Amino acid sequence: MDASNPRLVMRGVTKRFPGVLALDSVDFDVRAGEIHALVGGNGAGKSTLMAVASGALKPDSGRIEIAGQVITESSPTAARSEGLAIAFQHPALLPDLTVTENLLLSVPQRRRPRFSAATQWAADRLLAMGMPIDPTAPVRTLTLAEKQAVEICGALACDPQIVIFDEPTEPFMAAETARLFECIRQLAARGVAIVYISHRLPDVFTLADRITVLRDGQIRGTFNRSEVTEQEIVTRVAGREVAALFPGRARDLGEPVLQVQSLTSDRFTEVSVELARHEILGLAGVEGNGQREFIRALGGAARCDGRVLVEGHPANVSNPRRARRSGIVLMPQERHIEGVATAHSVRENLAVAAVNRTARHGIIASRREDQVVRREIADLGVKLASPDVAVEALSGGNQQKVVLGRSLLSDPKVLLCDEPTQGIDVGVRSDIYHRLRATADDGVPVVILSSDNVELAGLCDRVLVFSAGRVVAEFVGDEITDEAITAASLTGSVTRRADPDASSVKAPRRRWRRFLAGEQSPSLFLAVAVIALGIVGATQNDRFLSSFNIASVLELLAPVLFLAAGQLIVMLTGGIDLSVGPLSGTLVVVASFYVGADFTAGWWVLGFLLMVLLAGAVGLCNGALVRFAAVTPVVATLVTYMALQGLSLAMRDTPGGTIAEPVTAVLKARLGPIPWSVLLGTALVVALELASRRTMTGLFLRGTGSDDRASHKRGIPVGRVKVLAYVASSLCALLGGLLLAAQIGVGDPTAGISYTLASITAVVLGGASIFGGRGSFVGVFFGVLLLQVTQNVAVFAGLSQAWQYWLPGLMALAATGLFAQAQRGTRVS
């Protein structure tokens, strides 16, 4: 460690949020080769300080230096280019992108490999954590520990001078933690400056050279590790003396309440256990040995076979809702995804779990609800200004208390807790430990899965250790120690091996599930549907497969194809563009004034130029409303929808103005029965598909829709991406409008109205998510083709016009349901 060579220097850093002074003139530094621990309670400002250092947050005041360079631009990209990398507490990963794609976004541009070599490059980077993670897997399919490992590997892949580890070991078991510590020590030995944030003080005292305490946004002292005790740090962190961390064990466990008989899944085998009424049972083991899948299966969140009894009655654990009805309530590990609705208030999150207590005949009694919510807040010690504050505004510890409160208000007969104290400080941990013991004392047994063996040893009456999907050790009472659990976890995981025959049988099943949940699977099913409909149409009428009918179908397909491609560009960012239909119609009306048979080529050029300018202006307007005015995409594009339709009717209240025949002839030209416009549209969707997968622009587009906050942390210019996406959509509508003008030949102000819904339906049929991040341009092509073939078959079959609307709607509904089911199957498998 070189004391004269500080790599990161922060002086007088202040950051305010509405009603909160998060950082108050904070001074902090870390030296080359030093491991500097930053500790503090939840809400102390640790993550905020490091977000400022990494450029994810802009400070209100203060100075930041990285490797002697004063940072003037506050952005993740600028910090990363100066040699600072960060592994966030909540992994800033984009769930709809693959592991490889996330790692590409984690590193500076100069360190990114070619896309053709990216998968192998990612596999090499993942070796740093030694976990068997598939670089081609979507991040949403990973466990939290695997996500954390990817986050860390992304930071290390930058080859940084400074690395910030924000609560890196929270989801890890002992083996993964030991591997990370070895990696951190190697980095420090090479002269890399390390900032290590953790609530686990034993880890801090194992690693750190210096320890800084932050409380209420202010530095409360910096100490050499050898000059301070763990209890002194606890006192400074809490601002008070902390009493006994763990409550005493149960004296009388009582009669059995939960009986699990031969519970089995593809991740664990023949697990049988009984749980007594006043017992707290712990689950331990190296990550990936089945203990997490077991507790989730018991709570209905993963598939399993076997028998479960609660108070002697069979329990249905096929899904979380049925498990709750049987009295088994799961407190999940990923609180932001499964535990709470962070955008909603504390009151709403707690009240929804207490409906059985507050509602009569389906009507909620507001006064009773308020009493229940306030009592639970008081019992849990949640610190907040009002029950109506959003959960996302609370500190991590208070958020975790709300998750626990939701679980307790569900009136469980058995409470399952997956990492109940992950990412929270010692004071809040003590509160939760005592509340869990009180719950067990009141007759509700508790099962706890924790990666912290000290926690299990201090809290549990009994601990089961998993290895290779089986229980390999059991400790009771005073037998439960950190050392015993660690030894059983490590030796068990080494001596037991999975059945290779079973793995070979399950592997194809997993690959099939992954394909079904992938973004290209809808294209296959749509292609099959088109072929099936083609067979039906051919049997109905011999003219269905005539060159004239094929050409007609393809000609009608072309405008929708361009509009749907633009629609998907916007949807990938998490938006929607309702204005594409009226825009294409307005462009047709504009063309009817300038691109007519009575006008010269100069007027035609002027008309085309006006059409381009109008399309670009509409795209910029939509993008500005969504990004800068913070108007929701539906409302913003509905405004332009109505404005454009009004403009069309103002220019022409009835159809009129003939489009010049030479223009329509060019736009309707064919290669055999196939219009050139369809060939051009097909080339466009193929190019867009390749660009979305094989270029950084495509990753920016999909990443923005997958998670815009994480995208910002990854250095994606979210605002610019969203605005340009709407511009691209409008330009695609311009191409569709030109083809529409050629088809109808006159300026019809109502021509484009139906195309908005057609474009959205095609995109949904193609498997895109309306929430962003997922979608296939190839799927869009087949979605548009299916719509046109369906309408054509309906005509030949003599179906009414109503069925021409009902059939696409029913198909879109079925496609959405099937895709959602495939996604659900992948998550719980």
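Our subject is the structure listed above.
Figured I'd write up the structure that's included with this text. (Residues numbered from 1 in each chain as written. Predicted model: local features only at pLDDT ≥ 70, side-chain atom pairs only at ≥ 80, totals over all residues. Heavy atoms only, no water.)

### Details of the packing of aromatic side chains
Thought 1: One pass over the structure, following the stated rule, counts eight aromatic pairs.
Thought 2: Each ring, one from Phe 268 and one from Phe 294, has its centre 5.7 Å from the other, and the planes form 90°; the classification is edge-to-face. With Phe 268 in the loop between β11 (256–264) and β12 (271–276) and Phe 294 in helix α9 (residues 291–298), this residue pair connects regions lying 26 residues apart in the sequence.
Thought 3: Among the residues examined, Phe 294 registers a relative accessible area of 2% and is labelled buried.
Thought 4: Each ring, one from Tyr 594 and one from Trp 603, has its centre 6.2 Å from the other, and the planes form 25°; the classification is stacked. (Phe/Tyr/Trp six-rings, centres within 6.5 Å; stacked < 30°, edge-to-face > 60°. Helix = DSSP H or I, 4+ residues; strand = E, 2+ residues; numbered from the N terminus. Buried < 20%, exposed > 50% of the residue type's maximum accessible area, 1.4 Å probe, protein only.)

### Concerning the pairing of strand β20 (residues 446–449)
Remember that side chains alternate between the two faces of the sheet whenever the strand is regular.
Thought 1: Here β20 shows a buried face lined by Val 446 and Ile 448 and a second buried face lined by Val 447 and Leu 449.
Thought 2: Summarising the sheet, strand β13 (residues 280–284) and β20 pair through four bridges and their orientation is parallel. Each residue of the ladder has a partner; that of Ile 280, found in β20, is Val 446.
Thought 3: Direction of pairing for strand β19 (residues 414–418) relative to β20: parallel, over a ladder of four bridges. Looking at β20, one finds that Leu 415 is bridged to Val 446.
Thought 4: Read as a crossover between parallel neighbours, the route from β19 over helix α16 (residues 426–441) to β20 is right-handed. (Pairing = 2+ DSSP bridges. Right-handed = clockwise from strand over helix to strand, strands pointing away.)

### What about the sheet that holds β11?
Strand pairing in a sheet relies on backbone hydrogen bonds, with the paired strands running either antiparallel or parallel.
Thought 1: Taken together, the four strands give an open sheet; going across it, the order is β12-β11-β14-β15, and neighbouring strands pair in antiparallel fashion. Either end of the sheet is taken by a strand with one partner, and the two such strands are β12 and β15 (313–314).
Thought 2: Relative to strand β14 (residues 305–310), β11 runs antiparallel, the two being bridged by five bridges. Following the sheet pairing, Gln 261 is matched in β14 by Arg 307.
Thought 3: Along the sheet, α9 contacts β11, β12 and β14; its crossing angle with β11, the most-contacted strand, is approximately 120°. (Contact = heavy atoms within 4.5 Å. Axes fitted to C-alpha atoms, helices over the stretch in contact; angles between N-to-C directions.)

### Concerning the pattern of salt bridges
Thought 1: Summed over the entire model, instances satisfying the criterion amount to 36 salt bridges.
Thought 2: One salt bridge in this structure joins Arg 277 and Glu 311, with 3.4 Å as the shortest N-O distance. Residue Arg 277 is found in the loop between β12 and β13, and its partner Glu 311 is found in the loop between β14 and β15; the two are separated by 34 residues along the sequence.
Thought 3: A relative accessible area of 37% places Glu 311 in the partly exposed class. (Salt bridge = Lys/Arg side-chain N within 4 Å of Asp/Glu carboxyl O.)

### Re the side chain of Lys 722
Thought 1: In this structure, Lys 722 sits in helix α29 (residues 718–744).
Thought 2: The buried category is assigned to Lys 722, whose relative accessible area is 14%.
Thought 3: With residues near it in sequence (within four places) discarded, Lys 722 still touches Thr 573, Thr 704 and Asp 708.

### Observations regarding helix α21 (residues 547–572)
Thought 1: With 26 residues, α21 extends 36 Å between its outermost C-alpha atoms, agreeing within 8% with the 38 Å of an ideal straight helix rising 1.5 Å per residue.
Thought 2: At Ala 558, α21 shows its maximal bend, which comes to roughly 30°, and the proline Pro 559 appears one to four places after that position.
Thought 3: Among the 26 residues of α21, 21 are classified as buried, and the element is accordingly described as predominantly covered.
Thought 4: Immediately downstream of α21, the backbone of Gly 574 shows phi near 90°, a positive value. (Expected span 1.5 Å × (residues − 1). Bend = angle between axes of the 7 residues up to and from the residue.)

### Structural notes on a nonpolar patch on the surface
Thought 1: A cluster of nonpolar side chains, Phe 599, Trp 603, Leu 606, Leu 609, Leu 610 and Leu 613, forms an exposed patch at the surface whose accessible area comes to about 530 Å².
Thought 2: Among the secondary structure elements, Phe 599 is positioned in the loop between α22 (580–594) and α23 (601–627). (Patch = residues over 30% accessible without salt bridge, like charges linked within 9 Å, V, L, I, M, F, W, Y side chains within 5 Å. Areas by Shrake-Rupley, 256 points an atom, 1.4 Å probe, with all protein chains shown as cover.)

### Comments concerning unusual backbone geometry
Thought 1: Of note in the backbone geometry, Ser 25 takes a positive phi value of approximately 50° without being a glycine.
Thought 2: Locating Ser 25 in the fold gives a position in strand β2 (residues 20–32).
Thought 3: Of note in this structure, Ala 630 is not a glycine but carries a positive phi near 55°.
Thought 4: Note that Ala 630 resides in the loop between α23 and α24 (633–651).

### Structural notes on the pairing of strand β7 (residues 162–166)
Thought 1: Summarising burial for β7: five of the five residues are buried, a large majority.
Thought 2: Both faces of β7 are covered, namely the face carrying Ile 162, Ile 164 and Asp 166 and the face carrying Val 163 and Phe 165.
Thought 3: Alignment of strand β6 (residues 84–87) against β7, held across four bridges, turns out to be parallel. Across the sheet, the residue bridging to Ile 86 is Ile 164, located in β7.
Thought 4: As paired elements, β7 and strand β8 (residues 193–197) share five bridges and run parallel to each other. Each residue of the ladder has a partner; that of Ile 164, found in β8, is Val 195.
Thought 5: Remark: the β7/helix α6 (residues 174–189)/β8 crossover connection has right-handed handedness.

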